[in-house]
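Single-letter residue listing:
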Amino acid sequence: VIAAIDRRDPSAERSRAARLQFVRLDSQDITSCMEQNNSLPPFAQGLASPQGAMTPGMPIFSPMMPYGTGLTPQPVQNTNSLSLLEEQQRQQQQQQQQQQQQQQQQQQAGASQPQGVPGVSGQTPQLYHSQTVTTTTALPGNTPMYTTPLTPMTPITPATPASESSGIVPQLQNIVSTVNLGCKLDLKTIALRARNAEYNPKMVCTGAKSEEQSRLAARKYARVVQKLGFPAKFLDFKIQNMVGSCDVKFPIRLEGLVLTHQQFSSYEPELFPGLIYRMIKPRIVLLIFVSGKVVLTGAKVRAEIYEAFENIYPILKGFRKTT
Amino acid sequence: MIECSRGSVGDALPKVQCPNHPDALLVEDYRAGDMICPECGLVVGDRVIDVGSEWRTFSNEKATKDPSRVGDAQNPLLNGGDLTTMISKGTGAASFDEFGNSKYQNRRTMSSSDRAMLNAFKEISTMADRINLPRNIIDRTNNLFKQVYEQKSLKGRSNDAIASACLYIACRQEGVPRTFKEICAVSRISKKEIGRCFKLILKALETSVDLITTGDFMSRFCSNLGLPKQVQMAATYIARKAVELDLVPGRSPISVAAAAIYMASQASAEKKTQKEIGDIAGVADVTIRQSYRLIYPRAADLFPPDFKFDTPVDKLPQL
């Protein structure tokens, strides 16, 4: 886990919040994190005696404890506790609800399931490196949106004729989020004592593949910081940016597109090989390439990505290369 | 010598007319300061003041003693009508006080608000001079810069960067685009920064520019390489055909142009290497190689029908 932590002046007041920004976790990292957690007992035990930094009254979450014992899983959505177990339980509940919902909807809506089932479609998600903070975890199928927990991953389109819906679903590649730990942090201590931490004055994290994983990774790292003895809280988790990509499967005439949509497009082959389309209605920037690949970015919620793609698809169809 | 006066100077001014011939256009004799009726020769208006310069200055080399009291030509479009008076350093003995310092020192802030703009104009002029750009492009650049400067939306950016981007836009708008790399060569600003300013200026001025084509650069690149007109025309044809047949999708037009020049020159007597073409065009020779590989299979279709081959198509180098 590489975490980016803003440096704060050590002489700053306690009340000043530190923003913890997260970045990339592979699925391997998650499992290795879990293993490391299990191997941390001496570490955790060393901190078991309250040094005044840990919140008293909160059960100390020792990774050696088997799941479900000794803890009261609180079904509160906006919990500030850093218990990862609760997080996972909540996700599982949501997943079950979502699956039930999906089954119901499948029975009701009949066909018109878009073909782009995530993780199964031919578009293998590729991890993009971004300089901003995102949390990624590549666990397929575990993706309810945080804000509306019942949104299924594949948007079930209303029963429209096949010609109107594109049938292609953009895959999310990267999610940037920030969270407020609500306490002062000593970066050097964290860098030296936490595993997989590098100390650069500006540490950067990279992306999550879904909102829930972003949140999960944020919680995990807040946990790590907490174990180091800082009274970390989990306030104001907010997703700042989401990036998605997809393929329309036909080549595109960018010159035509820039002629007709001049006020939105910028195509400078000397500067960048793709056309930069700044959509107004959901405020999204799309990078459109000759090959037919489209990258959408700048979204705060997943629906904006889908909406933007549905908006641009008929336009792109109009500029399909015929040869 | 004798000019004809413009008939009706304006309705506000009292019309000077010959009393006997009110319709006659008065002829102005400016040497004597008279306005004369051509019909009867009556001197209608006298003591007309001439606003031209006293001496006609033919040359501008001797800048020290310019006898014209009217001064330099105004640049009204760009300077905001600067009518200030500047006091220059004195030349006689009386202008120095006892310690040898000059008495009147104020020569600063002649036009403080436009000082940065004047500086930028000078910079633009220097840059344009390096690549021999004509006056119309320089004027257009100055106009663009003035508009951007007055808008203040790009105030934080370096003036040199904005000036370079304005130069780039002006070349584009005049139909003779210069590549970013060519502008970089005469400016101290990086290509990235010029590109950023370029996009910002287009947004600020709400204009757009046409897309660049391969033909825009042919004449310049070919003449820099010393290629004859036949080869240049062939290269233009090849590049255009290649884009029409969509052999090079997604490639920058400069790279395609360079590859076309390479193919045309290799088929003619004046063979140029990829490195030479890459130097002139500002593309890497591997880039030329890549684009060349894409157009090579259809080489026979790409040449103009009346081209005289020095090296036949099947003997073209295959990279």
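Residues numbered from 1 in each chain as written. Chains lettered and ligands numbered in written order. Predicted model: local features only at pLDDT ≥ 70, side-chain atom pairs only at ≥ 80, totals over all residues. Heavy atoms only, no water.

1. Remarks on helix α7 (residues 302–318) of chain A
In plain terms, the rule: Per the convention used, a helix needs a DSSP run of H or I reaching at least four residues, while a strand needs a run of E reaching at least two, with both numbered from the N terminus. Multiply 1.5 Å by the residue count of a helix minus one, and that product is the helix's expected span. Under the scheme applied here, a residue whose accessible area is under 20% of the maximum for its type counts as buried, over 50% as exposed, and between as partly exposed, the area being computed with a 1.4 Å probe on protein chains only.
Look at α7(A): 26 Å from first C-alpha to last across 17 residues, which is about the 24 Å you get at 1.5 Å a residue. All of the buried residues in α7(A) are A:Arg302, A:Ile305, A:Tyr306, A:Ala308, A:Phe309, A:Ile312, A:Tyr313 and A:Leu316.

2. What about the layout of surface pockets?
Our working rule: Points on a 1 Å grid, built from protein atoms alone, make a cavity when a 1.4 Å probe fits but cannot get out and make a pocket when they are open with protein on both sides within 12 Å along at least 5 of 7 lines; residues with an atom within 4 Å of a point are the lining residues. Grid points are joined across faces, edges and corners, and a volume is the space filled by probe spheres set on the points. Any residue outside Ala, Val, Leu, Ile, Met, Phe, Trp, Tyr, Cys, Pro, Asp, Glu, Lys and Arg is labelled polar, Gly included; the first ten of those are nonpolar and the last four are charged.
Within this model, the largest pocket holds a volume of roughly 1100 Å³. Lining the largest pocket are 39 residues, and of these A:Gln263, A:Phe264, A:Ser265, A:Ser266 and A:Arg278 lie nearest its centre. For the lining of the largest pocket, the elements supplying multiple residues, two or more each, are α6 (254–260), β5 (265–266), β6 (275–279), β7 (284–288) and β8 (293–299) of chain A together with α6 (191–205) of chain B. Here the lining of the largest pocket gets nine residues from one element, more than from any other, and that element is α6(B). Split by residue class, the lining of the largest pocket holds 17 nonpolar, nine polar and 13 charged.

3. Quick look at a positive patch on the surface
Selection rule: To count toward a patch, a residue needs a relative accessible area above 30% and no salt bridge. Like charges then connect within 9 Å, nonpolar side chains (Val, Leu, Ile, Met, Phe, Trp, Tyr) within 5 Å. Only the protein chains shown count as cover for residues, with accessible areas throughout obtained via the Shrake-Rupley method and a probe of 1.4 Å. Salt bridge, as applied in this entry: a Lys or Arg side-chain nitrogen positioned within 4 Å of an Asp or Glu carboxyl oxygen. For the charge count, each Lys or Arg is scored as positive and each Asp or Glu as negative, with His and the chain ends excluded. Just so you know, the charge point we use is NZ for Lys, CZ for Arg, CG for Asp and CD for Glu.
On the surface, a cluster of positive charge is made up of A:Lys238, A:Arg278, A:Arg283, A:Lys300, B:Lys199 and B:Lys203. Mapped onto the elements of the fold, A:Arg283 is located in the loop between β6 and β7.

4. Some words on the packing of helix α2 (residues 115–130) of chain B against helix α4 (residues 159–173) of chain B
Residues and elements named next belong to chain B. Put simply, the rule is: Note on definitions: angles span 0 to 180 degrees between N-to-C directions of axes, and those axes are lines fitted to C-alpha atoms, for helices only across the stretch in contact. Every angle not falling under 35 degrees, over 145, or within 65 to 115 is termed oblique; those three ranges are roughly parallel, roughly antiparallel and roughly perpendicular. Should the near helix be turned counterclockwise from the far one by less than a right angle, the crossing is left-handed, whereas a clockwise turn marks it as right-handed. Contact between two residues is taken to exist if any of their heavy atoms lie within 4.5 Å; hydrogens are not considered.
Between α2 and α4, the least distance of the axes is 10 Å, while the angle of their chain directions is 50°. Relative to α4, the element α2 lies oblique. α2 and α4 meet at a crossing whose hand is right-handed. Between α2 and α4, the contacting residues are Ala116, Glu123, Ile124, Met127 and Ala128 on the first element and Asn159, Asp160, Ala163, Ser164 and Leu167 on the second.

5. Regarding the nonpolar core
Just so we agree on the cut-off: Remark: nonpolar core denotes a set of buried residues (Ala, Val, Leu, Ile, Met, Phe, Trp, Tyr, Cys) joined through side-chain atoms within 4.5 Å.
Membership of the largest hydrophobic core comes to 45 residues, with the highest contact counts inside it found for A:Leu286, A:Ile288, A:Leu296 and A:Leu316. Of all the secondary-structure elements, those providing two or more residues to this core are β3 (171–180), α5 (211–227), β4 (235–247), α6, β6, β7, β8 and α7 of chain A. No other element matches α7(A), which puts six residues into this core. Setting aside chain neighbours within four positions, we find A:Ile288 in contact with A:Ile252, A:Leu254, A:Leu257, A:Gly274, A:Leu275, A:Tyr277, A:Lys293, A:Val294, A:Ile312 and A:Leu316. Counting 37 residues, the second largest nonpolar core, distinct from the first, contains B:Phe217, B:Ala235, B:Ala264 and B:Ile277.

6. Observations concerning the packing of aromatic side chains
All names here are of chain B. This is how the line gets drawn: Pairing of aromatic side chains here covers Phe, Tyr and the six-membered ring of Trp, requires ring centres within 6.5 Å, and sorts the geometry by plane angle: under 30 degrees stacked, over 60 edge-to-face, intermediate tilted.
Per the stated rule, a full pass over the model turns up 15 aromatic pairs over all chains. Between the aromatic rings of Phe145 and Tyr149, the centroid separation amounts to 5.9 Å while the plane-to-plane angle is 15°, which identifies the pairing as stacked. A residue pair is termed a helical-turn pair when its members lie 3 or 4 positions apart in one helix, as Phe145 and Tyr149 do in helix α3 (residues 135–151) at four residues. Classification of Phe145 as buried rests on a relative accessible area of 1%.

Interpretation note: all reported values are geometric properties and have no functional meaning in isolation.
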